[in-house]
Structure formats: C-alpha cells, structure tokens
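Below, each chain spelled out in residue letters.
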Amino acid sequence: EVNPYQDRPDFDLYDLPERASGHRLRELVLGISREEYFRRFYRRNLCVGKWSSPAARKRAVELCAEFPTQTFVLFGKKVRDAFGLFGCDDFHVARGPMSGTSRSPVVLLPHPSGLCRVWNEPGAFDRARSALRQAGVFCKY
C-alpha cells in the first residue's frame, strides 16, 4: 500500500526495521536471505504518502503495462481493488490483473503488516507459501 517511512521506491517493502512489513514478508513468508530478497523481487507501493484509490489505480495500470508478463504479488484488499481484482480472497492465485490485460499469475495475500490479524490464523503462512509456489514464486519453505 504505502510506505510510512520513505518516499524512495527502493524502500518499498524494505526489510528493516525488524518488525517492518518487508521483514515479515522476507523472513516469515519467503524464508530467504536479504541478498536474495533484493535480487529476486521488484517491490513497489502504489502510492507515495497518503493512500489515494485513483492514484493507486493509475499506478497499477502503469505497472501492468511496464511488466506485462511478470507475476504480481498483491498485499491487501485496497491493492487488489486497485488492480481490478474485486471479490477475490486472500491466499488465492488469480490470472491477469487489470481486468484481463495480462494472463500472468497474480498472488493475493494479506498485507504482511504485524497489524493484519489474518496472519495469526493457523496455517496462514503455509497457505501463503502454497499460493506463491502455485504461481511459480520462489520461497525457501
């Protein structure tokens, strides 16, 4: 969604400090090293500063055009909605963001924030890893 600490894209889903969303994603979901995390994954938030649905939708369209064949991993309902994937559940693999402009896999996960209670449900991390593997996204576990 949005990085409250920086407006530099290289800090999107950054893995520091230790409780940051990027750290939880890297450690608890993917189980990979910092080097691998930054080498393998292109990470982008849809908004800089305060969340704006129109700005997020515009940025989603731009990202789909920029990466038409890439697998997207979307975190949270607002982000899914910005990509036009309404009514889809967490831990799901969909096809083609932005109403079918791509046939690439799209992994739908809850936001990796420590505030997101979905991650406290039994089996949540296993379900996330299963969806990632189904879409061809590497994770250690």
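Owing to the predicted nature of the structure, the values given are computational and were not obtained by experimental measurement.

**Observations concerning the overall build of the protein**
For step 1, the next point in the chain: The helix and strand tally for the protein stands at six helices and three strands.
For step 2, the next point in the chain: In the protein, the succession of α and β elements from N to C terminus is α-α-α-β-α-β-α-β-α.
For step 3, the next point in the chain: Computed over C-alpha atoms, the radius of gyration of the protein comes to 14 Å, within 12% of the 14 Å expected from 2.2 N^0.38 for 141 residues, which places it in the range of a compact globule.
For step 4, the next point in the chain: A principal-axis box enclosing the C-alpha atoms of the protein has dimensions of 30 × 30 × 30 Å.
For step 5, the next point in the chain: Counting only residues that meet the buried cut, the protein has 45% of its 141 residues in that class.
For step 6, the next point in the chain: Contacts spanning at least 24 positions in sequence make up 53% of the contacts within the protein whose residues lie at least 6 apart.

**A closer look at the side chain of Arg24**
For step 1, the next point in the chain: Checked against the element boundaries, Arg24 lands in helix H1 (residues 21-30).
For step 2, the next point in the chain: Among buried Asp, Glu, Lys and Arg side chains, Arg24 stands out as unpaired, with Glu18 the closest opposite charge at 10 Å.
For step 3, the next point in the chain: Residues in contact with Arg24, not counting those within four places in the same chain, are Arg19, Val29, Pro112, Ser113, Gly114, Trp119 and Phe125.

**Comments concerning helix H6 (residues 124-134)**
For step 1, the next point in the chain: Among all positions in H6, only Ala124, Ala128, Arg129, Ala131 and Leu132 are buried. Down the axis of H6, the sector holding all buried residues measures 160°, keeping them to one side. Exposed residues pointing more than 90 degrees away from the buried face of H6 are listed as Asp126 and Gln134.
For step 2, the next point in the chain: Its buried side turned inward, H6 meets H1, strand S1 (72-75), strand S2 (92-95) and strand S3 (105-109).
For step 3, the next point in the chain: Gly136 lies just past H6 and shows a positive phi near 85°.

**What about the sheet that holds S1?**
For step 1, the next point in the chain: The three strands are arranged S1-S3-S2 in an open sheet whose pairing can be described as mixed. Taken across any chain shown, the strands that pair with only one partner, and hence form the sheet edges, are S1 and S2. Taking each pair of neighbouring strands and ignoring which way they run, the sheet shows an average axis angle of 30°.
For step 2, the next point in the chain: The pairing of S1 with S3 spans four bridges and is classified as parallel. Bridged to Phe72 within S3 is Val106.

**Re the pattern of salt bridges**
For step 1, the next point in the chain: What the rule picks out here adds up to nine salt bridges.
For step 2, the next point in the chain: Across the salt bridge formed by Asp15 and Arg26, the nearest N and O atoms sit 2.8 Å from each other. Residue Asp15 is located in the segment before H1, and its partner Arg26 is located in helix H1; the two are separated by 11 residues in the primary sequence. Accessibility assignment for this pair places Asp15 and Arg26 in one class, buried.
For step 3, the next point in the chain: In this structure, the salt-bridge partner of Glu36 is Arg40, at a minimum N-O distance of 2.9 Å. Of this pair, Glu36 and Arg40 both sit in helix H2 (residues 34-40), separated by four residues, roughly a single helical turn.
For step 4, the next point in the chain: The buried category is assigned to Glu36, whose relative accessible area is 15%.
For step 5, the next point in the chain: A relative accessible area of 42% means that Arg40 is categorised as partly exposed.

**Topic: the nonpolar core**
For step 1, the next point in the chain: By size, the foremost hydrophobic cluster in this structure holds 21 residues, and its most contacted members are Leu25, Leu30, Tyr37, Val107, Leu109, Trp119 and Leu132.
For step 2, the next point in the chain: Of all the elements in the fold, those that place two or more residues in this core are H1, S3 and H6.
For step 3, the next point in the chain: Ranked by the residues each element gives to this core, the list is headed by H6, at four residues.
For step 4, the next point in the chain: The contact partners of Leu109, leaving out residues within four places of it in the chain, are Val73, Leu74, Phe75, Gly76, Arg80, Asp90, Phe91, Ala128 and Leu132.
For step 5, the next point in the chain: Counting 16 residues, the second-largest nonpolar core is a separate cluster that includes Ala56, Leu63, Leu85 and Ala94.

What counts and what doesn't
- Residues numbered from 1 in each chain as written.
- Predicted model: local features only at pLDDT ≥ 70, side-chain atom pairs only at ≥ 80, totals over all residues.
- Heavy atoms only, no water.
- Helix = DSSP H or I, 4+ residues; strand = E, 2+ residues; numbered from the N terminus.
- Rg over C-alpha atoms; globule rule 2.2 N^0.38 Å.
- Buried < 20%, exposed > 50% of the residue type's maximum accessible area, 1.4 Å probe, protein only.
- Contact = heavy atoms within 4.5 Å.
- Lys, Arg positive; Asp, Glu negative; His and termini not counted.
- Salt bridge = Lys/Arg side-chain N within 4 Å of Asp/Glu carboxyl O.
- Arc of directions from axis to C-beta.
- Pairing = 2+ DSSP bridges.
- Axes fitted to C-alpha atoms, helices over the stretch in contact; angles between N-to-C directions.
- Core = buried A, V, L, I, M, F, W, Y, C linked by side-chain atoms within 4.5 Å.

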